Amino acid sequence: MLKAVILIGGPQKGTRFRPLSFEVPKPLFPVAGVPMVQHHIEACAKVPDMKEIILIGFYQPNEELNRFLASAQQEFKISIRYLQEFAALGTGGGIYHFRDQILSGGPSAFFLMNADVCSEFPLQDMLRFHQQLQGSHCGIILGTAANRKQSLNYGCIVENQKTNEVLHFVEKPSTFVSDIINCGVYLFTPEIFGHIGTVFQRNQEERLQDDPPCGRLMPEAIRLEKDIFTELAAQKQLYVYKTQHFWSQIKSAGSAIYASRLYLNRYHQTHPERLATNQEEEGPKIIGDVYIHPTANIDSTAVLGPNVSIGTGVTIGAGVRVRECIVLHGATLQDHCCVLNSIVGWESTIGKWARVEGTPSDPNPNDPYAKIDSETLFRDGGLTPSITILGCNVNIPSEVIIRNSIVLPHKDLNRSFKNQIIL
């Protein structure tokens with residue numbers, strides 16, 4: 001029997017995802033037409049002998065989260081529940097705090113996944129690799145190749161190339177260590193809790209020795225990447241399974257558009273019914289991979305794609321052009337407007353002949369190992385050119401141009417803007 005745990009973080013996390021994360025918890029933000037974390041749940045539900053999926057985070061349980069869990073449980077016919085942390089406990093502290101719930105029923109192993117990654121999630125391949133390994137081990141890390149420069153932004157894995165045993169693990173090294181990086185997807189045996197428990201005891205002892213107690217983190221706050229993996233590698237308890245398939249982090253709103261492209265492309269194999277097709281008589285012109293919710297109302301002269309995701313109740317007028325965009329629930333795109341490399345927020349309106357455009361933040365297409373850069377918001381004293389984000393209920397008037405800007409919710413604009421955060 002197996003279980004899966006998905007770490008969804010909390011409202012203090014995902015600040016680079018604002019203003020979109022003001023309206024919806026980041027794991028529920030729609031990527032390629034479905035909530036980000038649903039892609040994880042779908043992959044877990046396909047694994048044979050999977051008994052339960054547990055979400056751990058420190059979001060307050062709200063109506064939206066409860067509704068999502070209920071519908072996912074119904075759709076995938078598997079037990080899915082949410083466990084709320086009392087504080088941000090880190091990737092190791094959260095699972096250690098809830099170890100009794102994870103181990104109830106006696107699973108032989110469990111998957112652990114970060115919610116803010118997109119991937120094909122080769123969980124069954126990882127499971128087969130786990131079953132083929134001889135001797136004891138605590139866990140398997142999903143790894144992928146990155147280029148030398150970008151590898152410094154991730155956890156780096158030095159492996160024995162014959163056995164795939166992890167010889168050394170360093171989180172965000174200052175110099176080049178390895179081009180195999182940690183994907184934030186793991187398969188652990190229950191023995192992992194013994195190792196986390198040792199670190200917890202050590203943290204408690206160190207805290208007690210502080211007199212008076214200094215501002216040290218809570219002993220329960222434990223990070224797998226910094227506190228556990230390096231020691232496990234030294235004890236020959238860790239292996240790496242390398243994937244050749246797509247993988248990316250979803251840290252910023254720009255990376256959500258890139259993740260949407262990867263998932264839409266994957267739908268050809270997994271969910272062809274989610275991809276829009278060109279109708280002979282009615283329906284808009286579709287270029288490339290496009291997802292359209294059945295409740296959307298789109299004029300037949302509109303042109304959509306590639307990489308467009310249209311949410312529930314969206315209205316798109318005549319002659320509208322949309323490319324590389326996520327258009328969220330209830331938005332209205334009036335006649336002949338043009339929207340490129342942008343996220344259009346819930347209930348927002350873009351006027352006639354207006355243009356909303358951003359700068360894509362895609363990886364270098366000429367480097368097969370390039371990953372998306374987690375750009376800082378500001379560079380050289382100005383806003384880094386990136387995708388344009390309209391928060392919820394933003395009103396863009398007719399014939400106005402908005403370029404490389406972030407517009408906070410509930411704004412009525414009256415002129416054009418470029419390279420600005422509009423508060």
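As a reminder, the structure under discussion sits directly above these lines.
Along every chain, residues carry numbers that run from 1 in the direction the sequence is written. Per-residue local features are limited, in this predicted model, to residues with pLDDT of at least 70; the limit for side-chain atom pairs, both in listing and counting, is 80 or more; totals at the level of whole chains, interfaces and linings are taken over all residues. Side-chain calculation: all heavy atoms of the structure are included, whereas hydrogens and water are not.

*Asks:* Account for the pattern of salt bridges, naming residues and giving values.
*Replies:* Any Lys or Arg side-chain nitrogen located within 4 Å of an Asp or Glu carboxyl oxygen qualifies as a salt bridge. With the rule as written, the count across this model stands at 14 salt bridges. A salt bridge links glutamate 324 to arginine 261, with the nearest nitrogen and oxygen atoms 3.1 Å apart. Taken together, the residues span a long stretch of sequence, with glutamate 324 in strand β20 (residues 321-327) and arginine 261 in helix α8 (residues 253-270) at a distance of 63 residues. When a residue's accessible area, from a 1.4 Å probe over protein chains only, is under 20% of the maximum for its type it is buried; when over 50% it is exposed; and in between it is partly exposed. Overall, the relative accessible area of 26% leaves arginine 261 in the partly exposed class. Residues joined by salt bridges that share partners form a network here, namely Lys3, Glu52 and Arg81. Counting from the N terminus, the helices are DSSP H or I runs at least four residues long and the strands are E runs at least two residues long.

*Asks:* Please give an account of the packing of helix α1 (residues 36-45) against helix α2 (residues 63-76) that cites residues and values.
*Replies:* Only the stretch in contact is used when fitting a helix axis, every axis being a line fitted to C-alpha atoms; angles between N-to-C directions are given from 0 to 180 degrees. Across the interface, α1 lies against α2 with an axial gap of 11 Å and an inter-helix angle of 30 degrees. The angle between the axes of α1 and α2 places the two elements in the roughly parallel class. Helix-helix and strand crossings are classified by hand; for α1 and α2 the assignment is right-handed. Facing α1, whose interface residues are Val37, Gln38, Ile41, Glu42 and Ala45, α2 presents Phe68, Glu75 and Phe76. Note that Gly is not counted as nonpolar here; it falls among the polar residues with everything else outside the nonpolar set of Ala, Val, Leu, Ile, Met, Phe, Trp, Tyr, Cys and Pro and the charged set of Asp, Glu, Lys and Arg. Split by residue class, the contact of α1 with α2 holds 5 nonpolar, 1 polar and 2 charged. The labels follow the angle: roughly parallel below 35 degrees, roughly antiparallel above 145, roughly perpendicular from 65 to 115, and oblique for the rest. A crossing counts as left-handed when the near helix is turned anticlockwise from the far one by less than a right angle, and as right-handed when that turn is clockwise. Note on contacts: a residue pair qualifies if any of its non-hydrogen atoms lie within 4.5 Å across the two residues.

*Asks:* Outline the packing of helix α3 (residues 90-97) against helix α6 (residues 192-209), supporting the account with residue identities and numerical values.
*Replies:* Contact geometry for α3 and α6: axes closest at 10 Å, N-to-C directions at 110 degrees. The pairing of α3 with α6 is recorded here as roughly perpendicular in orientation. Where α3 abuts α6, its residues Gly92, Ile95 and Tyr96 lie against Phe193, Ile196, Gly197 and Phe200. For the contact of α3 with α6, the class distribution of residues is 5 nonpolar, 2 polar and no charged.

From the geometry alone we can't say anything about function, so treat these as descriptive.
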